[in-house]
Amino acid sequence: MRIDEALLNEAKAYAARNGRSLTSVMEDALRQLLNRSTETARRPHVELVTSDARLRPGIELTPEFIKELIDQEDIERYAGTVSDAAE
């Protein structure tokens, strides 16, 4: 196995600072790398919702404005639910 000399020196210094052998430091690093790749493979795929919508000039995305948008969306959703139930 060939390891970059600067990286090896850092690993040796880390081992010395922590009272560990270089072997134990290398084993731990390899275990962490392998565990991380396994954990990443098990994560569910998350799809991000995006929008091409643009704000009109002069509109700022303040917390108050966002709350109004959410409230309006809730009202529209509720109104749609009520009209669907009435049919």
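Predicted, not measured: the structure shown is a model, and the values here were computed from it.

### Topic: helix 1 (residues 5-17)
Turn by turn, an α-helix covers 3.6 residues, leaving residues three or four places apart pointing in a common direction.
In step 1: Between the first and last C-alpha of helix 1 there are 18 Å, a value that for 13 residues agrees with the 18 Å anticipated at 1.5 Å per step.
In step 2: At the N-terminal end of helix 1, a side-chain oxygen is found 3.2 Å from the backbone nitrogen of Ala-6, two or three residues along, and the residue is Asp-4.
In step 3: Following helix 1 by one or two positions, Gly-19 adopts a phi angle in the positive range, close to 60°.

### Some details on the layout of surface pockets
Which parts of space are left empty comes out when a probe the size of a water molecule is rolled across the atoms.
In step 1: Here the largest pocket is characterised by a volume of approximately 240 Å³.
In step 2: Lining of the largest pocket is provided by Met-1, Ile-3, Leu-7, Glu-10, Ala-11, Tyr-14, Val-25, Met-26, Glu-27, Ala-29, Leu-30 and Leu-33.
In step 3: For the lining of the largest pocket, the per-class residue count stands at 10 nonpolar, no polar and two charged.

### Here we look at a nonpolar patch on the surface
In step 1: Taken together, the side chains of Leu-55, Leu-61, Ile-66, Leu-69 and Ile-70 present a nonpolar region at the surface, about 450 Å² in accessible area.
In step 2: By secondary structure assignment, the location of Leu-69 is in helix 3 (residues 63-86).
In step 3: Taking the relative accessible area as the measure of exposure, Leu-69 reaches 44% and is therefore partly exposed.

Rules behind the numbers
Residues numbered from 1 in each chain as written. Predicted model: local features only at pLDDT ≥ 70, side-chain atom pairs only at ≥ 80, totals over all residues. Heavy atoms only, no water. Helix = DSSP H or I, 4+ residues; strand = E, 2+ residues; numbered from the N terminus. Expected span 1.5 Å × (residues − 1). Polar contact = N/O pair within 3.5 Å; in protein donor to acceptor, adjacent residues only side chain to side chain. 1 Å grid on protein atoms, 1.4 Å probe; cavity = no way out; pocket = protein on both sides within 12 Å on 5 of 7 lines; lining within 4 Å. Points joined across faces, edges and corners; volume = space filled by probe spheres on them. Nonpolar A, V, L, I, M, F, W, Y, C, P; charged D, E, K, R; others polar. Patch = residues over 30% accessible without salt bridge, like charges linked within 9 Å, V, L, I, M, F, W, Y side chains within 5 Å. Areas by Shrake-Rupley, 256 points an atom, 1.4 Å probe, with all protein chains shown as cover. Salt bridge = Lys/Arg side-chain N within 4 Å of Asp/Glu carboxyl O. Buried < 20%, exposed > 50% of the residue type's maximum accessible area, 1.4 Å probe, protein only.

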